[in-house]
Amino acid sequence: MLSDDELVEQILLGKENVAEELIKRYYTSILRYCRWHCSNLEKAEDLTQETFLQLFKNLSGYKGKKKFKAYLYTIANHLCIDESRKVEFYPLEDEENIAHEYNDIVRLEDRAEISYFLNFLSSEQREAVILRFGEQLSFGEIAKVMGCNMRTAQSRVRNALKIMRKEQENER
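Everything numeric here is computed off the predicted structure, so don't read it as measured data.

The biggest cluster of nonpolar side chains holds 24 residues, and the ones touching the most others in it are L22, Y26, I30, C34, L55, F68 and L72. Formed by 18 residues, the second largest nonpolar core is a distinct cluster that contains F133, F139, C148 and M164.

This is the structure:
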C-alpha cells in the first residue's frame with residue numbers, strides 16, 4: 001500500500017488512475033467534516049467534491065512530506081468557511097428574548113458597572129456585545145465586522161449576556 005505522498009508523486013507523474021485511491025481513502029472523512037459545517041447533506045457532498053477538485057487542481061502546490069491529510073483538510077476548511085459566509089440567515093434566537101436579556105443588563109447602575117461586567121467576557125464576546133448594544137449593529141453586520149458567520153455572532157452575544165447576568169447575580 002502506497003503512502004499518501006507516494007500517491008501524490010504518482011499522480012504528478014501522470015498516473016491519474018491513482019487519484020481514485022486518494023479519493024477512496026479520504027472521501028468519507030472529508031464528507032463527515034463538511035457535514036459538521038453545513039446542515040444540508042447535498043451541500044456537504046458538493047463541498048467534498050469541490051475539496052477533491054481543488055486538491056487535484058492545485059496538487060503541484062503540495063510540498064509537505066507526511067502532511068497530506070492536513071493539506072486536504074485545510075482545503076476543505078477554506079471551502080466550508082467560504083460556504084458558511086454565503087448561507088442565508090435564519091434566526092436561531094428570538095430577537096425579543098435577546099432584547100429582554102439586554103434590558104436586564106441595562107438596568108445596571110452606570111457605565112462603569114457595565115464596563116466591570118464586560119471584563120468577565122472573552123474579547124470576541126465583549127466586541128460582539130459592544131457592536132450589538134453599543135453600536136446598534138445587526139447580527140449580520142456584527143458577523144461581517146468580526147469575520148464570522150451570523151450564528152456565531154448571535155452565539156457570542158447570547159453567551160456574553162448569560163455570563164454578565166450570572167456575574168451580576170453573584171454580586172448581589
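This brings us to helix α8 (residues 139-146). Turning to α8, its buried residues are F139, G140, I142, A143 and M146. Along the axis of α8, the buried residues cluster in a sector spanning 160 degrees; they form a single face. Residues K144 and V145 are exposed on α8 and point more than 90 degrees away from its buried face. Taken from the residues just after α8, G147 is the one with a positive phi, measuring 70 degrees.

Turning to the packing of helix α2 (residues 19-37) against helix α3 (residues 41-57), a few remarks are in order. Helix-helix packing is characterised by the crossing angle of the two axes and by the distance between the axes. The N-to-C vectors of α2 and α3 enclose an angle of 140 degrees; their axes lie 9 Å apart at closest approach. Between α2 and α3, the angle is such that the two are oblique. Considering only the axes of α2 and α3, their crossing is right-handed. Across the interface between the two elements, A19, L22, I23, Y26, Y27, I30, L31, C34 and R35 from α2 touch L41, A44, E45, L47, T48, Q49, T51, F52 and F56 from α3. Across the contact of α2 with α3, the residue classes break down as 13 nonpolar, three polar and two charged.

All right, on to the confidence of the model for the protein then. Predicted confidence across the protein gives a mean pLDDT of 80, with 80% of residues reaching 70 or more. Between the elements of the protein, mean pLDDT differs from a low of 54, seen in helix α5 (residues 95-106), to a high of 94, seen in α3.

What follows concerns helix α1 (residues 4-12). Every α-helix carries 3.6 residues per turn, so stepping three or four residues along brings you back to the same face. Every buried residue belonging to α1 is among D4, D5, L7, V8 and I11, and all of these are buried. Seen from one end, α1 has its buried residues packed into an arc of 160 degrees, which puts them on one side.

As for its position among the elements, D4 is in helix α1. Among the polar contacts listed, one links the side chain of D4 to the side chain of R25, at a separation of 2.7 Å. Setting aside residues no more than four positions away along its own chain, D4 makes contact with L22, R25, Y26 and F68.

Rules and cut-offs
Residues numbered from 1 in each chain as written. Predicted model: local features only at pLDDT ≥ 70, side-chain atom pairs only at ≥ 80, totals over all residues. Heavy atoms only, no water. Core = buried A, V, L, I, M, F, W, Y, C linked by side-chain atoms within 4.5 Å. Buried < 20%, exposed > 50% of the residue type's maximum accessible area, 1.4 Å probe, protein only. Helix = DSSP H or I, 4+ residues; strand = E, 2+ residues; numbered from the N terminus. Arc of directions from axis to C-beta. Axes fitted to C-alpha atoms, helices over the stretch in contact; angles between N-to-C directions. Parallel < 35°, antiparallel > 145°, perpendicular 65-115°, else oblique. Left-handed = near helix turned anticlockwise from the far one by under 90°. Contact = heavy atoms within 4.5 Å. Nonpolar A, V, L, I, M, F, W, Y, C, P; charged D, E, K, R; others polar. pLDDT = per-residue confidence, 0-100. Polar contact = N/O pair within 3.5 Å; in protein donor to acceptor, adjacent residues only side chain to side chain.

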